[in-house]
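Close look at the chain arrangement
This is what each chain is made of:
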Amino acid sequence: MRPIIEVKNVKKTYFNDEVETHALRGVSFDVKQGEFVAIMGPSGSGKSTLLHILGFLDHPTKGKYRLDGKSIDQFDEPELAWVRNQKIGFVFQMFNLLNRTTVIDNVKLPLAYAGIKNGEQDELAKIALEKVGLSHRLDHTPSQLSGGEQQRVAIARALINEPSVIFADEPTGNLDTKSGNQIMDIFSRLHDEGHTIVLITHEPYIARFAQRIINIKDGLIASNKTNHKPIKKPISRR
Amino acid sequence: MRFRDTLKTSLTGLKTNKMQSALTILGIVISIAAIIMIMSIGAGAQDLILQEISGFGSDIIVIRPGKEPKGPSDIGDTLFSDSLTKKDIEALKKKSNVPELEHIVPGVLVPGSVSYEGETYRPTIFGYDAEFIGSALNIYPEEGQYFTEQDIEMNAKVVVIGSKVKEELFGSAEALGEYIKIKGKNFKVVAILPQKGQVSFFNVDEVVLLPYTTAQSQLLGIDYFQEVLVIATSPEAVEKTVRDIELTLREMHNITDPEDDDFYVLTMEGTVQQIKNILQSLTILLSSVVAIALVVGGIGVMNIMLVSVTERTHEIGLRKAVGATNQDILLQFLLESVSLTVIGGAVGIIIGGSLSMIVTIVLQKFFALNWIFTIPLISIILGLSVAAAVGVVFGLYPARKASQKSPIEALRFE
């Protein structure tokens, strides 16, 4: 079966005031359907740049990247928005929820951009929030929730369009250990349910939840190893 | 994204910044309220004036000598033109010339003052047919009788005076039957008019009426008229009668080209139209002044929208990451600014309407004017569409700026 993510010799160079910054200097790897991969590296290693390219938010300067067999170059702007909406779910370090909007409306956001009817949006959002154990918080605003809860809302939002891949950028970076573990439990469970997950982190402990760990250093892949014993805790459902 | 969802998003954006939104639209509110007031009060004034005029009679035709004044400098022509004479009147009186003429009254204006035993007063002195004026305006003497057709034929030296004129000259003493002096000649007071104030174009209280024949022969030494009033048999006959009058007078004056006319004909309808035009240009003028305020308000909206776009850079990035197209973002911010200005417009209409209502009540209660409260539908439509247009024009640039943000830059922005 064709890998869902194919990265071949991807380079990314930024030009700032005639100073060239080589963020990625030729990166190649694949991610198969249903895999849980962690991309590790210190800050400035180029991992965020890589995530932007993987998430169709940015173009590679050189090399080939295909998601589900499609390259970013074959889409125009509205099509690209559509691909991000349908194929990709994002989870960010800062949660990136709309602070003045209720939990359920935050989760519904991708559905709204998909043009789905309001009644259907509500139903799907409730199911997604159930999955992350927040169905009792529908009408709260993010500021009324703890950091861990906010990140769970963000995960529900990432799940709602049943994307091909979930990209998580330091999802535990702003959380205490306990909430972080809860979030990682949810990712493990989603992986068990068959979701493809690409996680970016600088914490070795967090990376060890994944099946495979790719190490990035100075814009190059330092190692790409299978993790034979991913952390699996008995999942405490709430 | 479905339009309804976009609209909801935009309105939520406004609700969360209530105070800011309210202050931003204040300029729009004031401008639209001003437009509504101008148009409402303009319409009220027009109604009032038209009421007064149509009370005067829509079957009246006025013939004046000279060329129709197109500007202030032309008015002299009319006052000193001698083209309308007794011969013209005789011709117009013939049924074969103007069949639907019911009544014809020539008139002259006498400059000067009146005096009685050392008291002097400067009223408006008309040489006219008093009976006719009385019946046209529905005014009848308080004391005495109007001078008659016979008095006019005989150049009788009689006058009818207004109440103010009587008071100035006679005080509380008896005036009827006394003689007053105009240009050194004695005229017998035969009637005194009741106190009426301003009626139509002149103040009844400050008027002195005398037979036009007397005014021509005794006071002015002229044989022409400054104004001729014609009554048609019915308001419907006015148009045809005007044409008959023009044809007759051209024949009398040997004129072939209407361009060379040495007289002009006015009808109430024409006068009404003129007043409407004047009020309309006034309304437009005032509205354009308000338009400047509206532009200032629009700039305020643009400013606040630009701030909002910068403040919400992160939100824009997130929305793009989860599938918003540039167009979605553009529409969201554009709808926000348009909602802002349309709400401002609606509030302005309510405030403007309320203020006009208050003005109406004040005018009715304290000035006893027969003023009718109207808010022209067009002003509401205009107010709302102008507000919406301001929202589009001044919201477009910030909205475009928002939509062009790159999702990564936007997500990185703290």
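Since the structure is predicted, the reported quantities are computational estimates derived from the model, not experimental observations.

**As for the packing of helix 12 (residues 326–366) of chain B against helix 13 (residues 377–403) of chain B**
Residues and elements named next belong to chain B. Put simply, helix 12 and helix 13 touch, their axes get as near as 7 Å, and they point 150 degrees apart. When the interaxial angle is binned, helix 12 and helix 13 end up roughly antiparallel. Our pair here, helix 12 against helix 13, has a crossing hand that is right-handed. By residue class, the composition of the contact of helix 12 with helix 13 is 17 nonpolar, 7 polar and 1 charged.

**A few points about the layout of surface pockets**
Here the second largest pocket is characterised by a volume of approximately 710 Å³. Listed by contribution, the elements that provide at least two residues to the lining of the second largest pocket are helix 3 (103–114) and helix 4 (118–131) of chain A together with helix 1 (3–16) and helix 11 (313–321) of chain B. For the lining of the second largest pocket, the leading source of residues is helix 1 of chain B, giving 6 residues. Its residues assigned to classes, the lining of the second largest pocket comprises 8 nonpolar, 14 polar and 9 charged.

**Regarding the packing of aromatic side chains**
The description of two aromatic rings rests on the distance between their centres and on the angle between their planes. Residues and elements named next belong to chain A. Throughout the structure, instances matching the rule amount to 8 aromatic pairs over all chains. Aromatic side chains Phe90 and Phe167 sit 6.1 Å apart centroid to centroid with 35 degrees between the ring planes, which places their arrangement in the tilted category. A residue pair is termed long-range when its members are at least 10 positions apart, and Phe90 in strand 6 (residues 88–91) and Phe167 in strand 7 (residues 165–169) qualify at 77 residues. For Phe167, a relative accessible area of 0% gives the class buried. Aromatic pair Tyr205 and Phe209: ring centres 5.6 Å apart, planes at 80 degrees, arrangement edge-to-face. Classification of Tyr205 as partly exposed rests on a relative accessible area of 31%. Its relative accessible area of 3% is what places Phe209 among the buried residues.

**Some words on the sheet that holds strand 9 (residues 212–217) of chain A**
Picture the strands of a sheet paired through backbone hydrogen bonds; they go either parallel or antiparallel. All names here are of chain A. Pairing within the open sheet is mixed, and its 6 strands lie in the order 6-7-8-3-9-10. Edge strands, defined here as strands with exactly one partner in the open sheet, are strand 6 and strand 10 (220–226). The average angle at which neighbouring strand axes cross in this sheet is 15 degrees, direction not considered. Two elements, strand 7 and strand 8 (residues 196–201), share 5 bridges in a ladder whose sense is parallel. Its bridge partner being in strand 8, Asp169 is matched across the sheet by Ile200.

**Points about the nonpolar core**
All names here are of chain B. By size, the foremost hydrophobic cluster in this structure holds 69 residues, and its most contacted members are Ile63, Val114, Val159, Ile161, Ile180 and Ile245. Those residues in contact with Ile180, other than ones at most four positions away along the chain, are Val114, Ser115, Tyr116, Val159, Ile161, Leu169, Phe170, Lys185, Asn186, Phe187 and Val189. Grouped together as the second largest cluster of nonpolar side chains are 60 residues, Leu334, Leu340, Ile349 and Phe394 included.

**Some points on the confidence of the model for chain A**
Residue and element names in this part refer to chain A. Taken as a whole, chain A shows an average pLDDT of 90; of its residues, 97% reach a score of 70 or greater. Across chain A, the element-wise mean pLDDT spans from 89 in helix 1 (residues 47–54) up to 95 in strand 3 (residues 36–40). This stretch, residues 234–238, has a pLDDT under 50; its non-local contacts, to residues over four places away or in other chains, come to 5 contacts.

**A few points about unusual backbone geometry**
Residue and element names in this part refer to chain A. The backbone of Asn9 shows a phi angle near 50 degrees, a positive value even though the residue is not glycine. In this fold, Asn9 is placed in strand 1 (residues 5–16). Not every positive phi belongs to a glycine, and Glu162 is a case in point at roughly 45 degrees. Position of Glu162 relative to the elements: it lies in the loop between helix 5 (147–159) and strand 7. When its relative accessible area of 67% is taken as the criterion, Glu162 is described as exposed.

**What to know about empty space enclosed by the protein**
Enumeration over the complete set of coordinates arrives at 5 cavities of 30 Å³ or more. Here the largest cavity defines a volume of roughly 90 Å³. B:Gly13, B:Leu14, B:Asn17, B:Gln20, B:Ser21, B:Thr24, B:Ile304, B:Met305, B:Ser308, B:Arg312, B:Glu336 and B:Leu340 together form the lining of the largest cavity. Counting residues per element, the ones that place at least two in the lining of the largest cavity are helix 1, helix 2 (18–56), helix 10 (268–311) and helix 12 of chain B. By residue class, the composition of the lining of the largest cavity is 4 nonpolar, 6 polar and 2 charged. The wall of the second largest cavity is formed by A:Arg84, A:Asn85, A:Ile88, A:Gly89, A:Phe90, A:Pro110, A:Arg157, A:Ala158, A:Asn161, B:Ala321 and B:Val322.

**Here's the deal with a positive patch on the surface**
Residues A:Lys117, B:Arg2, B:Arg4, B:Lys8, B:Lys15 and B:Lys18 make up a contiguous surface patch of positive charge. Take the positive patch: its biggest share by element is 3 residues, from helix 1 of chain B. Residue position: B:Lys18 is located in helix 2.

**Things to note about the side chain of B:Thr283**
Considering the arrangement of structural elements, one finds B:Thr283 in helix 10. Setting aside anything within four residues of it in sequence, one finds B:Thr283 in contact with B:Ile38 and B:Met39.

What counts as what
- Residues numbered from 1 in each chain as written.
- Chains lettered and ligands numbered in written order.
- Predicted model: local features only at pLDDT ≥ 70, side-chain atom pairs only at ≥ 80, totals over all residues.
- Heavy atoms only, no water.
- Axes fitted to C-alpha atoms, helices over the stretch in contact; angles between N-to-C directions.
- Helix = DSSP H or I, 4+ residues; strand = E, 2+ residues; numbered from the N terminus.
- Parallel < 35°, antiparallel > 145°, perpendicular 65-115°, else oblique.
- Left-handed = near helix turned anticlockwise from the far one by under 90°.
- Nonpolar A, V, L, I, M, F, W, Y, C, P; charged D, E, K, R; others polar.
- 1 Å grid on protein atoms, 1.4 Å probe; cavity = no way out; pocket = protein on both sides within 12 Å on 5 of 7 lines; lining within 4 Å.
- Points joined across faces, edges and corners; volume = space filled by probe spheres on them.
- Phe/Tyr/Trp six-rings, centres within 6.5 Å; stacked < 30°, edge-to-face > 60°.
- Buried < 20%, exposed > 50% of the residue type's maximum accessible area, 1.4 Å probe, protein only.
- Pairing = 2+ DSSP bridges.
- Core = buried A, V, L, I, M, F, W, Y, C linked by side-chain atoms within 4.5 Å.
- Contact = heavy atoms within 4.5 Å.
- pLDDT = per-residue confidence, 0-100.
- Patch = residues over 30% accessible without salt bridge, like charges linked within 9 Å, V, L, I, M, F, W, Y side chains within 5 Å.
- Areas by Shrake-Rupley, 256 points an atom, 1.4 Å probe, with all protein chains shown as cover.
- Salt bridge = Lys/Arg side-chain N within 4 Å of Asp/Glu carboxyl O.
- Lys, Arg positive; Asp, Glu negative; His and termini not counted.
- Charge placed at Lys NZ, Arg CZ, Asp CG, Glu CD.

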